Amino acid sequence: MPPLSPPVAVIGLWHQGVVAAACLADWGYDVLASDPDRARIEKLAKGKAPLFEPGLDDLLAKGLTTGRLRFTDDPAQAVADRPIVLLMHDTAVNDNDESDLTEIFNAVKTFAPGLKSGAVLHVTAQVPVGTCDELLRLMESVNPNCAARVAYSPENLRLGQAIERFRRPPLPVIGSDDITALEILKSFYAPCGVKWETTDLRTGEMTKHALNAFLAMSVCFANEIGNVCDEIGADGHRLAEILRLEPRVGPKAMLFPGLGFSGGTLARDVQTLRRLGVASGLSMPLLDGAWASNQKQNGTVIRRLRKKLGDLKDRQIAVWGLTYKPETSTLRRSAALEVIGDLQREGARVTAHDPKADRSELQSHSGFRFFEDALKAASGADALVLMTPWSQYKTVDFSQLRSVMKGTLVFDTAGLWPATSLEPLGFEHLRIGRGRTGRNK
């Protein structure tokens, strides 16, 4: 397939940037992708993604073989003579769940001098509303003759499903105050085969904030209902199934009780909107309440372990699943690590396993023993806590698990296993939101 027109630059190569570069090359575009991390560029040039995403390494290898995908650590080189530039950094989030835009502004400052006149900067890095206007001013100050256009889209990334969601985005929105930019990008993304909604720039930026805040409040609502169900003996999961039948709720509503949201994405946008409210002189009691509720939810693990085991000091607790979600390797903002920290503060001895966790990231986390074998991690444990519902854990041999564990308590925070697989072997099976009876289907 000959390269499509126009050629494109992709700036920022972590999760969404690498996925986009590989997919665009697969569509036939001539893609030059850039990141300042030389080691990452060298790895990508060999067809190896910086994190695990199903099918991504194969797609990278295909693009490199065809010659439609190339990498450079020089962003100015990447944007030269490229009429479309995609700014796709995975926005850093600090410990207060606030966006850190340093890398994004540094990148734009670096490549702005080389921008082609009239180039479209399409920002999909998740940034606070108003950032795109600042980026446009920055480009114009660094390169007064660039006549750049700027547009924004909420990214559709989802760990484990990133390729299919880029190819056919479920929320196809482009925001820009420049009509020409909108038309250029609608044509550019035509291979998606979806109808693109267009809006002004700031409404586009607000889209992701509003969506993630809504989802965050849904998670908090489900968790609070589930906590009540645990105390009164109702089944919060069956309740969620029933509520989804109501058309005003919908069949995909996030209503199943579990742990709090983590990973930084939902939290970042809740925090962004709360700060916007403060800056605008508005109170945000609903979002303030959701934030407070979520901050407490992961404490459910410690609270319920204490209830069953008493003092956790010197108890061995095995934790299965460390990554933020299944089908990814990153430990960034992982709920499992938060829970492990709580266990350590209680004096528990923690052993852990994860099939895909980035081993180099693991080296920066101390205080627990990591095992490459799940059963070895559970050996001698007083309790097992399942955090990340990897598919590999579905096929665990529970008879073997029972033979290696010291205790019988299994806290299945993800709701992965049916009680009928555990209880006949003598396990006590805990879930969130299933009621005091621990009922399960």
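Read on for an overview of the structure. (Residues numbered from 1 in each chain as written. Predicted model: local features only at pLDDT ≥ 70, side-chain atom pairs only at ≥ 80, totals over all residues. Heavy atoms only, no water.)

1. Quick notes on the overall build of the chain
Regarding its fold elements, the chain presents 18 helices and 16 strands. A globule of 441 residues ought to have a C-alpha radius of gyration of about 22 Å, and the chain, at 24 Å, matches this closely. With respect to the principal axes defined by its C-alpha atoms, the chain has extents near 70 × 50 × 35 Å. Taking all 441 residues of the chain together, the buried fraction comes to 54%. When the accessible surface of the chain is totalled, it reaches about 19200 Å², and 52% of it is carbon and sulfur. Taking the average location of the 53 positive side-chain charges in the chain and that of its 52 negative ones, the two points are 5 Å from each other. (Helix = DSSP H or I, 4+ residues; strand = E, 2+ residues; numbered from the N terminus. Rg over C-alpha atoms; globule rule 2.2 N^0.38 Å. Buried < 20%, exposed > 50% of the residue type's maximum accessible area, 1.4 Å probe, protein only. Areas by Shrake-Rupley, 256 points an atom, 1.4 Å probe, with all protein chains shown as cover. Lys, Arg positive; Asp, Glu negative; His and termini not counted. Charge placed at Lys NZ, Arg CZ, Asp CG, Glu CD.)

2. Quick look at the packing of helix α9 (residues 201-232) against helix α11 (residues 265-279)
Two numbers describe how α9 lies on α11: the axes approach to 8 Å, and their chain directions differ by 110°. Classed by the angle they form, the pair α9 and α11 counts as roughly perpendicular. Read as a crossing pair, α9 and α11 show a hand that is left-handed. Here Met206, Lys208, His209, Ala210, Asn212, Ala213, Leu215 and Ala216 of α9 come into contact with α11, specifically with Thr265, Leu266, Arg268, Asp269, Val270, Thr272, Leu273 and Leu276. (Axes fitted to C-alpha atoms, helices over the stretch in contact; angles between N-to-C directions. Parallel < 35°, antiparallel > 145°, perpendicular 65-115°, else oblique. Left-handed = near helix turned anticlockwise from the far one by under 90°. Contact = heavy atoms within 4.5 Å.)

3. Quick word on the nonpolar core
Counting 39 residues, the largest nonpolar core has Val10, Leu24, Val31, Leu60, Leu86 and Tyr189 as its most contacted members. Residue contributions to this core peak at 9 residues, all from helix α1 (residues 15-27). Excluding anything up to four places from it in sequence, Leu86 contacts Val8, Ala9, Val10, Ile11, Leu24, His122, Phe188 and Tyr189. Ala119, Ala125, Val150 and Tyr152 belong to the second largest nonpolar core, which has 30 residues in total. (Core = buried A, V, L, I, M, F, W, Y, C linked by side-chain atoms within 4.5 Å.)

4. So, empty space enclosed by the protein
Evaluation of the coordinates by the stated rule reveals 2 cavities of 30 Å³ or more. In this structure, the largest cavity encloses a volume near 210 Å³. As for the largest cavity, its lining consists of 17 residues, of which Met88, Thr124, Glu155, Asn156 and Phe166 are closest to the centre. Elements represented by at least two residues in the lining of the largest cavity include exactly α1 and α7 (162-167). Considering each element in turn, the lining of the largest cavity owes the most residues, 3 residues, to α7. Tallied by class, residues from the lining of the largest cavity come to 10 nonpolar, 5 polar and 2 charged. Together, Phe221, Ala222, Ile225, Gly226, Gly236, Leu239, Ala240, Leu243, Leu255 and Pro257 line the second largest cavity. For the lining of the second largest cavity, the secondary structure elements donating two or more residues are α9 and α10 (236-243). (1 Å grid on protein atoms, 1.4 Å probe; cavity = no way out; pocket = protein on both sides within 12 Å on 5 of 7 lines; lining within 4 Å. Points joined across faces, edges and corners; volume = space filled by probe spheres on them. Nonpolar A, V, L, I, M, F, W, Y, C, P; charged D, E, K, R; others polar.)

5. Brief notes about the packing of α11 against helix α12 (residues 285-297)
Packing of α11 against α12 brings their axes to within 10 Å, and their N-to-C directions diverge by 145°. Seen along the crossing, α11 lies across α12 with a hand that is left-handed. Within the contact between the two elements, α11 uses Ala267, Val270, Gln271, Leu273 and Arg274 and α12 uses Leu287, Asp288 and Trp291. Partitioned by chemical class, the residues of the contact of α11 with α12 number 5 nonpolar, 1 polar and 2 charged.

6. Notes on the sheet that holds strand β16 (residues 428-430)
On the basis of which strands lie adjacent, the open sheet formed by 6 strands has the order β13-β12-β11-β14-β15-β16 and parallel pairing. Each end of this open sheet is capped by a strand with a single partner; those strands are β13 (368-370) and β16. When strand polarity is set aside, the average angle formed by the axes of neighbouring strands in this sheet is 20°. Here strand β14 (residues 383-386) runs beside strand β15 (residues 409-412); their pairing, made up of 4 bridges, is parallel. Counterpart to Val385 in the pairing with β15 is Phe411. Its contacts with the sheet place helix α13 (residues 299-309) against β11 (316-320), β14, β15 and β16, and it is angled at close to 160° to β15. (Pairing = 2+ DSSP bridges.)

7. Let's talk about the environment of Pro169
For Pro169, the position within the fold is in the loop between α7 and β9 (173-175). Note on Pro169: relative accessible area 6%, which makes it buried. Each C-alpha atom, one on Pro169 and one on Gly67, is 26 Å from the other, the two residues being 102 residues apart in sequence. In contact with Pro169, other than residues within four places in its own chain, are Asn156, Cys192, Val194 and Trp196.

8. Quick notes on unusual backbone geometry
Across the chain, the bulk of peptide bonds are trans and the bulk of non-glycine residues have phi less than zero. Backbone geometry places Ala147, a non-glycine residue, at a positive phi of 50°. Tracing the backbone through its elements, the reader meets Ala147 in the loop between α6 (131-142) and β8 (149-152). Of note in this structure, Glu327 is not a glycine but carries a positive phi near 65°. Inspection of the secondary structure puts Glu327 in the loop between β11 and α14 (335-345).

9. Overview of the pairing of strand β1 (residues 4-11)
Pairing between β1 and strand β2 (residues 29-34): 5 bridges, direction parallel. For Val8, the partnering residue across the bridge sits in β2 and is Val31. Taking the sense of rotation as the criterion, the β-α-β connection linking β1, α1 and β2 turns out right-handed. Pairing analysis gives 4 bridges linking β1 to strand β4 (residues 84-87), with the strands arranged parallel. Looking at β4, one finds that Val10 is bridged to Leu86. (Right-handed = clockwise from strand over helix to strand, strands pointing away.)

10. Examining the packing of aromatic side chains
Inspection of the entire model under this criterion finds 7 aromatic pairs. Consider the rings of Tyr189 and Trp196, whose centres lie 5.2 Å apart with planes at 35°: the pair is tilted. Pair check on accessibility: Tyr189 and Trp196 agree, each one buried. The ring of Phe427 has Arg402 sitting right over it, with the charged end atom 6.0 Å from the ring centre. (Phe/Tyr/Trp six-rings, centres within 6.5 Å; stacked < 30°, edge-to-face > 60°. Lys NZ or Arg CZ within 6 Å of the ring centre and 35° of its normal.)

11. A look at the side chain of Thr91
In this fold, Thr91 is placed in the loop between β4 and β5 (92-93). At a separation of 2.8 Å, a polar atom in the side chain of Thr91 contacts the main-chain carbonyl oxygen of Gln126. The residues touching Thr91, leaving out its near neighbours within four places in the chain, are Ser99, Asp100, Leu101, Ile104, Ala125, Gln126 and Val127. (Polar contact = N/O pair within 3.5 Å; in protein donor to acceptor, adjacent residues only side chain to side chain.)

Remember that the coordinates give geometry; whether it matters functionally is a separate question.
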